[in-house]
Amino acid sequence: MYDPFKSPLPRVNPNDDVFGEWEFHELSKLPRLGLTFWTLICKSNFRPYMESLVLLPGIYDPDLIAVNQDSHVNNVIKGTKKEQVQQIIKDIKENEEKNKVEKVILWTANTERVVRPRSVLVDFVVDAGVKPSSIVSYNHLGNNDMKLSVPQTFSSKEILKINVVDDMVSSNAILCEPDEHPNHVVFIKYVPYGEASKRATDDYKSEIFMGGKNSILLHNTCEDSLLAAPTI
């Protein structure tokens, strides 16, 4: 039985979708940079559909990107941050006019927001009426896509990881006061030998009946470079 994806879901025909992307590497350079997702794409059945894709110059902020990427950056929007944003807006308008699209959807996010065991577990605990009190996460990964050794970039990643459970906690006003959050601490270490592998051990502590405490210890291993693939 063949049932097109657009049939069970209220959406347009996928063949009518028009894609565009900003990237500060040229497409031909991506497989050589050890970027697992793009390497798989270029070797897969998607290749014929990807070869015509033109990657528009992207915004490159060296404070947020690993040092080993600097020498490969060759597709960048020049100018001040304001000028760069203006160029992005111009690109969107030109794409809209050229392809006569009815709606523009801008996807920009970090993979910390992808549904992961951490988010799912906290959601389950809160829905069960159990108050999460403490989350301590130990992470080590082999790709240094952000300069984890630089304090300001580590702080940015730490904030993203901590905030990922906020929506679940705030959804239950009976358990938690406004702006109340679990004692959430994140440790992240760069271990080059791990390459694309990311390993995380999370210790969850919750308050249960009659002042008791419940503890759940979760270990998770994944290929960090492929985390965004299901989202894309």
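A few points on the structure. Counting starts from 1 at the beginning of each chain's written sequence and moves along it residue by residue. Local features in this predicted model are restricted to residues of pLDDT 70 or higher, and side-chain atom pairs are both shown and tallied only at a pLDDT of 80 or more, whereas totals for entire chains, interfaces and linings draw on every residue. Just so you know, side-chain values use all the structure's heavy atoms and leave hydrogens and water out.

Unusually for a residue other than glycine, Asp179 sits at a positive phi of about 65°. The numbering of helices and of strands both runs from the N terminus, where a helix is a DSSP run of H or I of at least 4 residues and a strand a run of E of at least 2. Looking at the secondary structure, you find Asp179 in the loop between helix H6 (166-170) and strand S4 (183-190). Relative accessibility under 20% of the residue-type maximum defines a buried residue, over 50% an exposed one, and the middle range a partly exposed one, all with a 1.4 Å probe and only protein chains included. A relative accessible area of 72% means that Asp179 is categorised as exposed. With phi around 55°, Met210 is a residue other than glycine that occupies positive phi space. Residue placement: Met210 occurs in the loop between strand S5 (197-207) and strand S6 (213-223). For Met210, a relative accessible area of 73% puts it in the exposed group.

Looking now at the sheet that holds S4. If you walk across this open sheet you meet the 4 strands as S4-S3-S5-S6, and the pairing is mixed. The open sheet has two free edges, formed respectively by S4 and S6, since each of these has just one partner strand. If you compare each strand with its neighbour and ignore which way they point, the axes differ by 10° on average. For strand S3 (residues 131-141) and S4, the ladder comprises 8 bridges, and the chain directions are parallel. Bridge pairing in S4 places Val136 opposite Val185. DSSP-based pairing: two strands are paired if at least 2 bridges between them are found. The axes are straight lines fitted to the C-alpha atoms, using for helices just the contacting stretch, and the angles between their N-to-C directions are given from 0 to 180°.

Put simply, a salt bridge is a Lys or Arg side-chain nitrogen that is within 4 Å of an Asp or Glu carboxyl oxygen. Counted by the stated rule, this structure contains 3 salt bridges. Salt-bridge contacts for Glu94 lead to Lys90; the nearest nitrogen and oxygen are separated by 4.0 Å. Residue Glu94 and its partner Lys90 are both found in helix H3 (residues 81-99); the two are separated by 4 residues, about one turn of the helix. You can call Glu94 partly exposed: its relative accessible area is 42%. The closest approach of N and O atoms between Glu180 and Lys131, which form a salt bridge, is 2.7 Å. Remark: Lys131 occurs in strand S3 and Glu180 occurs in the loop between H6 and S4; sequence separation between them is 49 residues. Overall, Glu180 belongs to the partly exposed group, its relative accessible area being 25%.

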